[in-house]
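# Summary of structural features
In case you want the letters, here they are:
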Amino acid sequence: MSQAKDIVLVVGGGGREHAIVKALSQSNTIAELHAAPGNGGISELATCHQISATDIADQVDLAQSLACDFVVVTPDDPLALGLVDKLTAKGIKAFGPSAAAARLESSKVFAKELMNKLHIPTAEAAIYKNDTEALSSLNRCSFPLVIKAEGLAQGKGVIICSNEKSASKAITDIMQERKFGRAGDRILIEEFLTGPEVTLMCFCDGENLLALPSSRDHKRIGEGDTGENTGGMGVIAPVPEMSADLQQQIIETILQPVIREMAANGTPFRGILYAGLMLTEKGPYVIEFNARFGDPETQAVLPLINNDLYTLLKACVDGDLHKHRLAISNEASCVVIMASGGYPGKYETGCEISGLDSVEDVYVYHAGTVKKDNKFFTSGGRVLAVSAQAKTLSQAINKAYLEVAKIGFDNCAFRRDIGKGFVE
Ligand code: AMP
Ligand code: GLY
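The present account deals with the structure reproduced in this document.

Cut-offs applied
- Throughout, a residue's number is its position along its own chain's written sequence, starting from 1.
- Lettering for chains starts from A, numbering for ligands starts from 1, and both go in the order in which the items are written.
- Since the coordinates come from a predicted model, pLDDT governs what is reported: local features require at least 70, and pairs of side-chain atoms require 80 or more to be given and counted, while whole-chain, interface and lining totals use all residues.
- To get the side-chain values, take all heavy atoms of the structure and skip hydrogens and water.
- The numbering of helices and of strands both runs from the N terminus, where a helix is a DSSP run of H or I of at least 4 residues and a strand a run of E of at least 2.
- The atom set for the radius of gyration is the C-alpha atoms, and the globule formula is 2.2 Å times the number of residues raised to the power 0.38.
- Working definition: with a 1.4 Å probe on protein chains only, accessible area under 20% of the residue-type maximum means buried, over 50% means exposed, and in between means partly exposed.
- The contact criterion used is simple: two residues touch if any of their non-hydrogen atoms lie within 4.5 Å.
- A 1.4 Å probe and the Shrake-Rupley method give the accessible areas. Residues count as covered only by the protein chains that appear here.
- Put simply, a residue is near a molecule or strand once any heavy atom of it comes within 4 Å of that molecule or strand.
- We call two N or O atoms a polar contact when they sit within 3.5 Å, provided that within protein one can donate a hydrogen and the other can accept it, with sequence-adjacent residues counted only if both atoms are side-chain atoms.
- The classification used treats Ala, Val, Leu, Ile, Met, Phe, Trp, Tyr, Cys and Pro as nonpolar, Asp, Glu, Lys and Arg as charged, and all other residues, Gly among them, as polar.
- Pairing between strands is defined by DSSP: at least two bridges between them are needed.
- The term disulfide is used for any two cysteine sulfur atoms that are within 2.5 Å.
- To obtain an axis, a line is fitted to C-alpha atoms, over the contacting stretch when the element is a helix, and the angle between two such axes runs from 0 to 180 degrees between their N-to-C directions.
- Note on definitions: salt bridges are taken to be side-chain nitrogens of Lys or Arg within 4 Å of carboxyl oxygens of Asp or Glu.

Helix and strand counts for the protein come out as 12 helices and 23 strands. For the protein, the C-alpha radius of gyration of 21 Å lies close to 22 Å, the compact-globule estimate for 424 residues. Once the C-alpha set of the protein is aligned to its principal axes, its extents read approximately 60 × 45 × 45 Å. Burial analysis of the protein (424 residues in total) assigns 56% to the buried set. Residue pairs in contact within the protein that sit at least 24 positions apart in sequence constitute 69% of those at least 6 positions apart. On the protein, roughly 18,300 Å² of surface is accessible, and the fraction owed to carbon and sulfur atoms is 47%.

Here you go:
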């Protein structure tokens, strides 16, 4: 057995990072785990440093002062801001794509042009950098359509418009009112697709890939997929509609061509490539790429992987992923997000969380919590992710809800229909 000696820093502080820290804490080659900024749950496994994920210079200073051997950069903003490039330039190994490779997520125009070049199925789109031209195109459009700000907009830059009035408002908000700042310099006006949505994430080392189990996020706040979009209210994995053949087709016709093209352009993609797909009548179409682990998909998928996560992350950076195989459990996963009532609008924080000690045989990943005097308090919109694994999806769903019922805090909100309609 190799000796625990590495010092590892995880950048970020949500439920996804808690799941990553939890998996890394089981690695026998890591001696010290740090997180920045981390959260209440992460503080039980790693030393937390109060530095925001987007304070790039401070994150680099922290990694240097801790003499880190490896840094895991998870959120979209620091990847787009080049944190991996800056750490690499200082001689510190960092997991995640370079800023140039992260454009697959940080520029929807870049991603769309790349997909069109490679003939990858995706919604047809027109790109505008001028608001007058975008507005005057609307009378030629059929509705519904989708308007997207080009850049990162904290998950809010996609607006589905059912008529010309709402489309005009979306264009005005993005391009004139600058609702998303520079992320709205350009917009895409996109064809509206229909079909079930699926996420397929894969580890990439610039050349090779290993696909994680498929998953499905539930983005809307309300049961039956109604109401506002959120950061994600629950997940199932794997997705029943995703057969082995379909997954292989997606790997061969979407993921591998993108990875080859990024390498050929001198910007190899190393990290997690996330394909957000819609299974349309004409086959799988790409809705978006992300350049990182999904949140909350990661909280459902990592418990299904029996490998040492640190070994896989290092293989992505070192370019030797082909030497590894994923040991994927044949169980199913269900994640239920417990949120502060009012989220994604206004909500209260500072509520004490009860029942955490009474849950059994599930992972409870913390997203918005702080720990004070050995008690946990809410500190964000999404508070906890309860992640259950079982032989079948319906058993995993039942198990997750059984444990959710044991946890409480004032004004707690969660969807009761995660996975409903998909059970075998
Ligand atoms: P995104 O922020 O890119 O993940 O998009 C948010 C959500 O908008 C997606 O999960 C889809 O449900 C929806 N969406 C995005 N693009 C389209 C499209 N072209 N057609 C239909 N729905 C879309
Ligand atoms: N769950 C969607 C995302 O991580 O972007």
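Moving on from the coordinates now.
The subject of this paragraph is the site of ligand 1. Contacts to ligand 1 come from 15 residues, most closely from Glu191, Leu193, Glu197, Lys219 and Glu288. Glu191 places a polar main-chain atom, nitrogen or oxygen, 2.9 Å from a nitrogen atom of ligand 1. Lys219 is positioned with one of its side-chain polar atoms (N or O) 2.9 Å from an oxygen atom of ligand 1. In isolation ligand 1 has 480 Å² of accessible area, and contact with the protein removes 89% of it. Of all elements in the fold, only strand E7 (145-149), strand E8 (158-161), strand E9 (187-191) and strand E17 (283-290) reach the threshold of two or more residues within the shell around ligand 1. Partitioning the shell around ligand 1 into residue classes produces 8 nonpolar, no polar and 7 charged.

This part covers the pairing of strand E15 (residues 234-237). Alternating residues of E15 divide into Gly234 and Ile236 and Val235 and Ala237, and every residue in both groups is buried. Note that strand E12 (residues 216-217) and E15 share 2 bridges and pair antiparallel. Bridging from a neighbouring strand, Asp217 pairs with Val235 of E15. In this structure, E15 lies alongside strand E18 (residues 332-340), joined through 4 bridges in antiparallel fashion. Bridged to Ala237 within E18 is Ser333.

The next point concerns the state of the cysteines. Applying the stated criterion to the full structure yields 0 disulfides. With no disulfide of its own, Cys316 has Cys204 as its nearest cysteine by sulfur position, at a separation of 7.0 Å.

Right, let's get into the sheet that holds strand E6 (residues 125-128). Pairing is antiparallel across the open sheet formed by 4 strands, whose spatial order is E6-E9-E7-E8. Of all the strands in the sheet, just E6 and E8 have a single pairing partner and so form its edges. On average, adjacent strands in this sheet sit at an angle of 20° to one another, irrespective of strand direction. By the bridge criterion, 5 bridges tie E7 to E9 in an arrangement that is antiparallel. When the sheet's bridge partners are listed, Ala149 is paired in E9 with Ile187.

Here we take up the pattern of salt bridges. Inspection of the entire model under this criterion finds 20 salt bridges. The salt bridge involving Asp173 is made with Lys169; its shortest N-O contact spans 2.8 Å. On the criterion of helical spacing, the pair formed by Asp173 and Lys169 is a turn pair, its members being 4 residues apart in helix H8 (residues 164-176). Note that Lys399 and Asp361 form a salt bridge whose closest N and O atoms lie 2.8 Å from each other. Here Lys399 is found in helix H12 (residues 393-404), whereas its partner Asp361 is found in the loop between E18 and strand E19 (363-366), with 38 residues between them in sequence.

Bringing the side chain of Ser27 into the picture now. For Ser27, the position within the fold is in the loop between helix H1 (15-25) and strand E2 (30-37). Residue classification places Ser27 among the buried residues on the basis of a relative accessible area of 5%. Polar side-chain contacts of Ser27 include one of 3.1 Å to the side chain of Asp308. In contact with Ser27, not counting residues within four places along its chain, are Asp308 and Tyr310.

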